Amino acid sequence: MPEQHAAYEHPGSPAPRDYRLTGPEAARAVQKGLASATWYQSPIPRKRLKELMQRRDGPALVDTALWLLALVVTGFGGYWFWRSWACVPFFFVYGLLYGTASNARWHETGHGTAFKTRWLNDGIYQLSSFMFMFEPHVWRWSHARHHTDTIIVGRDPEIVEPRPPRLVNMVLSLFRMPYVFTTMWSVCRHATGRMAEEESTFIPESEWPKIFTAARIWLLIYGLTVGAALYLHSWLPLMFIGLPTLYGGWLSYLFGLTQHVGLAEDVLDHRSNCRTIYMSPLLRFLYLDMNYHLEHHMYPMVPFHALAQLHEEIRDDCPPPYNGLFEALKEFFPAIWKQRKDPTYFIRRPLPERAETAAATQAEPA
């Protein structure tokens, strides 16, 4: 297979950048015209794009039914074989369905594109957000900013790994340990009616009461679950609620790493900061077709079930996709290893010669 990527480095070794939304990089992004800017979009006939953007209940209903049925079956198997080794494979699959597949469902219903019917979107959004421990009202606004300012330092609140990468943190994140602790601290803070400074930069004040209410409901559910475990003198209740986020979220974290990490920062072309990866039907089910991540960012209102079709429409204007998750990780890990010593290092994705790159140049370091 021909080489799909090349590396690019800036001369010199500047100090690590400030990724906070309240730091100096936020102001620099605005000054450079990178905030709320116009992004490059691969050409596609307007009529065809409208066809792809059509929302339907059918595909998401089938997907949700399979997902929930699989959760019930594997959960029952884990319960039935509890206290024997036979429960392990059931809880392994239950964990992936709870701690990985819920992330993809949260994401798509958060965009409002999974279902045509709004209350179905909202219901699955609340359920999957709880399962993945994403505060629903916080992440709705966080993700909107992520799409507006994708991997713009100082503006994007969802940059998974800064440069240089934190390797110990990455290992712990396979089990979602750092995130769970910070999220529970955030939930407790919100339950007392307090917002973090960075959150106030992208969440309207009118949304704050919803955040406080959701946090209190979460604490009630977790409190009842822990209470049931103590009353029964058993870990079993926690194996169904809470712990699956830890033992089943590892695959979701790997998915998340391959979306943007190691690619360009501060560009206005998703072809330079997003990856599309061909995956098996099983992984696509768990990931809800978010492996077509470049396509999703370029046209975020196209539903998950139409992303493969969108990919075929614009593939000639985009970098070659990766043939599997392993191929993406094989490129990714050497890149972040180099970023330990050189934070300016990143992977430059090849673009077709005829493709016009709009603002696809790395911003000069401060």
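What counts, and where the lines are drawn
- Residues numbered from 1 in each chain as written.
- Predicted model: local features only at pLDDT ≥ 70, side-chain atom pairs only at ≥ 80, totals over all residues.
- Heavy atoms only, no water.
- Salt bridge = Lys/Arg side-chain N within 4 Å of Asp/Glu carboxyl O.
- Helix = DSSP H or I, 4+ residues; strand = E, 2+ residues; numbered from the N terminus.
- Buried < 20%, exposed > 50% of the residue type's maximum accessible area, 1.4 Å probe, protein only.
- Core = buried A, V, L, I, M, F, W, Y, C linked by side-chain atoms within 4.5 Å.
- Contact = heavy atoms within 4.5 Å.
- UniProt positions renumbered as here; feature names shortened; annotations may be inferred.
- Patch = residues over 30% accessible without salt bridge, like charges linked within 9 Å, V, L, I, M, F, W, Y side chains within 5 Å.
- Areas by Shrake-Rupley, 256 points an atom, 1.4 Å probe, with all protein chains shown as cover.
- Polar contact = N/O pair within 3.5 Å; in protein donor to acceptor, adjacent residues only side chain to side chain.

## Things to note about the pattern of salt bridges
A side chain of one charge can pair with a side chain of the opposite charge when the charged atoms of the two come close.
Here's step 1: By the definition in use, this model includes 20 salt bridges.
Here's step 2: Across the salt bridge formed by Glu51 and Arg48, the nearest N and O atoms sit 3.2 Å from each other. Here Glu51 and its partner Arg48 are both found in helix H2 (residues 46-52), three residues apart, which amounts to about one turn of the helix.
Here's step 3: The exposure class assigned to Glu51 is partly exposed, which follows from its relative accessible area of 42%.
Here's step 4: A relative accessible area of 23% means that Arg48 is categorised as partly exposed.
Here's step 5: Across the salt bridge formed by Arg155 and Asp149, the nearest N and O atoms sit 2.9 Å from each other. Accessibility assignment for this pair places Arg155 and Asp149 in one class, buried.
Here's step 6: Each of the salt bridges in this network shares a partner with another, and the network as a whole consists of Arg17, Glu25, Arg28, Arg163, Glu265 and Asp266.

## Topic: the nonpolar core
Here's step 1: With 74 residues, the main nonpolar core has Val302 and Leu310 as its most contacted residues.
Here's step 2: Not counting chain neighbours up to four residues away, the residues in contact with Val302 comprise Leu49, Leu52, Met53, Glu108, Leu307 and Leu310.
Here's step 3: If you look at the next biggest cluster of nonpolar residues, it comprises six residues, including Ala29, Ala37, Trp39 and Leu268.

## Quick notes on the UniProt feature "domain: Fatty acid desaturase" (unreviewed entry) in the protein
Here's step 1: Residues annotated in UniProt with the feature "domain: Fatty acid desaturase" (unreviewed entry) correspond here to residues 84-322.
Here's step 2: Helix makes up 61% of residues 84-322 and strand 1%, with an end-to-end C-alpha separation of 40 Å.

## A closer look at a nonpolar patch on the surface
Here's step 1: Among the surface-exposed residues, Phe76, Tyr79, Trp80 and Phe81 lie close enough to one another that they form a single nonpolar patch of about 480 Å² accessible area.
Here's step 2: Assignment of secondary structure puts Tyr79 in helix H3 (residues 58-80).
Here's step 3: By relative accessible area, which is 46% here, Tyr79 ends up partly exposed.

## Some remarks on the side chain of Thr109
Here's step 1: In this structure, Thr109 sits in helix H5 (residues 101-111).
Here's step 2: Judged by its relative accessible area of 3%, Thr109 is buried.
Here's step 3: A polar atom in the side chain of Thr109 sits 2.6 Å from the backbone oxygen of Arg105.
Here's step 4: If we ignore the near neighbours within four places in the chain, the residues touching Thr109 are Ala114, Phe115, Asn121, Ile124, Tyr125 and Ser128.

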